[in-house]
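Spelled out from the first residue to the last, the chains are:
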There are 2 protein chains.
Amino acid sequence: VKELALISRLLPLLPTNDYVVVGAGDDCAVLDLGDPESHALFKTDAVVEGIHFTPEIAPERIGHKAIGRCLSDVAAMGGLPIAAVVTLGLPREYDPAKVLGIYRGLGQLAARYQVAVVGGETTTNPGGVILSVALLGHVARDRALLRSGASAGDAIFVTGDLGGSIDGKHLDFEPRLAEGVWLAENFRPHAMIDVSDGLAADLGQILVASGDLGAELLQSALPISRAARVRTRSTPRGKPPHLAALTDGEDFELLFTVPSRVAVQLQDAFRAHFPAVKLSCVGKVVSQPGIRLRSPTGWVTIPATGYQHFA
Amino acid sequence: VKELALISRLLPLLPTNDYVVVGAGDDCAVLDLGDPESHALFKTDAVVEGIHFTPEIAPERIGHKAIGRCLSDVAAMGGLPIAAVVTLGLPREYDPAKVLGIYRGLGQLAARYQVAVVGGETTTNPGGVILSVALLGHVARDRALLRSGASAGDAIFVTGDLGGSIDGKHLDFEPRLAEGVWLAENFRPHAMIDVSDGLAADLGQILVASGDLGAELLQSALPISRAARVRTRSTPRGKPPHLAALTDGEDFELLFTVPSRVAVQLQDAFRAHFPAVKLSCVGKVVSQPGIRLRSPTGWVTIPATGYQHFA
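Owing to the predicted nature of the structure, the values given are computational and were not obtained by experimental measurement.

Novice: For helix α3 (residues 96–112) of chain B, give the residues involved together with the corresponding values.
Specialist: Residue and element names in this part refer to chain B. Taking 1.5 Å per residue as the helical rise, α3 with its 17 residues ought to reach 24 Å, and the 24 Å between its terminal C-alpha atoms agrees with that figure. Within α3 the residues assigned to the buried category are V99, L100, G101, I102, Y103, G105, L106, G107, L109 and A110. Near the N-terminus of α3, the side chain that reaches the backbone nitrogen of A97, with its oxygen 2.9 Å away, is that of D95.

Given below as structure tokens:
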């Protein structure tokens, strides 16, 4: 499925109404449900056996990943989660103990963030396990952080380390909810997204949504994960680590832009508040479209063809 | 999957919080999101190729059915829908025109009831098409109609005709949203549910939720669909029509109980307001558990083993 091309044809088919503040296309939709203090956030996402996890994976980790992805999307809006509903599709003859394991993993992560799980449908899905989660959250009224607010000159930040999530982090990541709310309240980023398709692809989403801007990234500033470095050592013909950090995806870190004048202050305050979480300034937003990477050997243009995985 | 047995083991794994008014187990969850006038309704449901529709079905009807099921659940709470998010799982190499068709059918039904579709995820699902919809709705505060409020002596009503939905209605049904809201506002049923698993099974849900009550049904009062009668004629060894009406499922009609003293008044007012929609009083709630059917040859006990399909 050529997702972007398809989505552009799908969007006109999706009705809207007066409740909608922000419709499909951001990390979450934003709705005005009548609460004078807050807007609602609404999101769905799914994980599928053979695509997002392999059959031998412990069921608890499947549940964790499925709701974690939605929680990460709420974090990327600067919001907090409220309640989730779950659809679980199972092959015939699936072990009930595994179903309980999936719900245990999902329920444990939900409980950690005070999310109520208020509905669970089970259906047969002949081809394998699929777990779809819909999440409702909230954010202070008119305070949702969108992808579309970046400006030329903004500094680009990302939390945590990037690359190599396939070695485990894609199943065990912790959604950056505390960090997202703190950023929204204290530094009001111009634009924010979670890194699900890789730094380059998700930064591309911000740049396109913000009016076809561009970015200059510094290779030496990329927060490359240990997993990405280890993978490169064990597979010498694989991606170099910096390319893994740019393109691997499923890191579920927060990527955001702020005015460059607050960059130093943000770094200091973040370090004081989240001493265990890395925060890296990886570059800046520029008016010229496209993403360019300053490597040790000079500038490299990162192909921006639809901002799909390109490596 | 032995759904009921599993659910009883799952429920303790599902965290709750102060937003929850009614958690998992009714047609929708009920949440207090801070609007002084209303409560939110939250529901998810899925349709799967080979289970809920066959591969040759027009994609528009798949989309219609998927959101229609959730709309029917909102109707059964006496509420109205607000917004939906969609997860679509597709086999590899699925025709993009079919994807557009699915969304067209879903979007048309959504638009008819002023529902915004605010998110759509597409993923690969190797085994076939799966379409999961999550729906957010609202209902006047403390006015959600639950399954649990029936009393001995209540009259039992059902809208429309029952049985034989496999011949087409299961794909093309119209959710009873107008009827549900009208009933909630004018007659405040003690208990309401939509008929998805068959009259007997769904009535069983009301009776168990209301404190292990029972029901006496009148076979001659069952609103048997033309489709059910035609099926019996063409397959003489199949279910008799009244059994089809009791057990076929996927009728998506409203089943509810009201105090018997308002039954006649309700019939008259409903007929005046919805002249095109049948409303049938099919029996009464009794204190003795179990469902008994008064047939032309005498009383028949309908096995209530878990209220699964039994025919």
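Novice: So what about the interface of chain B and chain A? Which residues, and what values?
Specialist: Taken residue by residue, the interface counts 63 residues in chain B and 63 residues in chain A. Taken together, both faces of the contact between chain B and chain A bury some 5200 Å²; the carbon and sulfur share is 71%. For E121 of chain A, the salt bridge is made with K43 of chain B, and the minimal N-O distance between the two is 3.1 Å. If you look at where chain B meets chain A, you find 17 residue pairs in polar contact (both at pLDDT 80 or more). Looking at side-chain class alone, the side of chain B that touches chain A contains 37 nonpolar, 17 polar and nine charged residues.

Novice: Explain the packing of helix α2 (residues 59–76) of chain A against helix α3 (residues 96–112) of chain A residue by residue, including any values.
Specialist: Residues and elements named next belong to chain A. In contact at an axis separation of 6 Å, α2 and α3 are set at 40° when each is read in the N-to-C sense. By the angle between their axes, α2 is oblique relative to α3. Viewed along their axes, α2 and α3 form a crossing whose handedness is right-handed. Side by side, α2 and α3 meet where P59, E60, I62, G63, H64, I67, G68 and L71 of the first sit next to K98, G101, I102, R104, G105, L106, L109 and A110 of the second. Residue classes in the contact of α2 with α3 are distributed as eight nonpolar, five polar and three charged.

Novice: A description of the relation of the copies chain B and chain A should follow, citing residues and the corresponding values.
Specialist: Of the transformation placing chain B onto chain A, the axial shift is 0.0 Å and the rotation is 180°, giving an RMSD of 0.0 Å. The superposition operator between the copies reduces to a two-fold rotation axis. Ranked by how close their C-alpha atoms come to the rotation axis, the residues of chain B are headed by G127 of chain B, at 1.8 Å. Interface overlap between copies: 100% of the residues of chain B at the interface are likewise at the interface in chain A, consistent with a symmetric, same-surface contact.

Novice: Describe the state of the cysteines, and please don't skip the residues or the numbers.
Specialist: Evaluation of the coordinates by the stated rule reveals zero disulfides over all chains. Sulfur of C70 of chain A: no disulfide; nearest cysteine sulfur belongs to C28 of chain A and is 7.8 Å away.

Novice: Tell me about the pairing of strand β8 (residues 191–194) of chain A, and please be specific about residues and values.
Specialist: Residues and elements named next belong to chain A. Where burial is concerned, the two faces of β8 agree: the one with A191 and I193 and the one with M192 and D194 are both buried. Examined bridge by bridge, β8 and strand β10 (residues 254–258) share four bridges and lie antiparallel to one another. Bridge assignment links D194 to a residue of β10, and that residue is L254.

Cut-offs applied
Every chain's residues receive numbers from 1 upward, in the order its sequence appears when written. Chains and ligands are labelled sequentially in the order written, the chains with letters from A and the ligands with numbers from 1. Only residues with pLDDT of at least 70 are given local features in this predicted model, and only at 80 or more are side-chain atom pairs given and counted; all residues enter the totals for whole chains, interfaces and linings. Only hydrogens and water are set aside; all other atoms, that is, all heavy atoms of the structure, feed into the side-chain values. Comment: elements are numbered from the N terminus, with helices defined as DSSP H or I runs of at least four residues and strands as E runs of at least two. Take the residue count of a helix, subtract one, and multiply by 1.5 Å to get its expected span. Burial here depends on accessible area, computed with a 1.4 Å probe over protein chains only, as a share of the maximum for the residue type. Under 20% is buried, over 50% is exposed, and the range in between is partly exposed. The term polar contact refers here to a pair of N or O atoms within 3.5 Å; inside protein, the definition further demands a hydrogen-donor-capable atom paired with an acceptor-capable atom, and it admits residues adjacent in sequence only when both atoms are side-chain atoms. Contact between two residues is taken to exist if any of their heavy atoms lie within 4.5 Å; hydrogens are not considered. Two parts lose some accessible area (1.4 Å probe) when they are put together, and adding that loss for both gives the buried area. Each salt bridge in this description consists of a side-chain nitrogen of Lys or Arg and a carboxyl oxygen of Asp or Glu lying within 4 Å of one another. Gly falls in the polar group here, along with every residue not listed as nonpolar (Ala, Val, Leu, Ile, Met, Phe, Trp, Tyr, Cys, Pro) or charged (Asp, Glu, Lys, Arg). Axis definition: a line fit to C-alpha positions, over the contact stretch in the case of helices; interaxial angles, taken between N-to-C directions, run 0 to 180 degrees. Comment on the angle field: the value is read as roughly parallel under 35 degrees, roughly antiparallel over 145, roughly perpendicular from 65 to 115, and oblique elsewhere. Handedness of a helix crossing follows the sense of rotation of the near helix relative to the far helix, less than a right angle counterclockwise being left-handed and clockwise being right-handed. Copies are brought into register by a least-squares superposition over C-alpha atoms of residues with pLDDT of at least 70 in both. For the purposes of this analysis, a disulfide is any pair of cysteine sulfur atoms at a distance within 2.5 Å. For two strands to count as paired, DSSP must find a minimum of two bridges between them.

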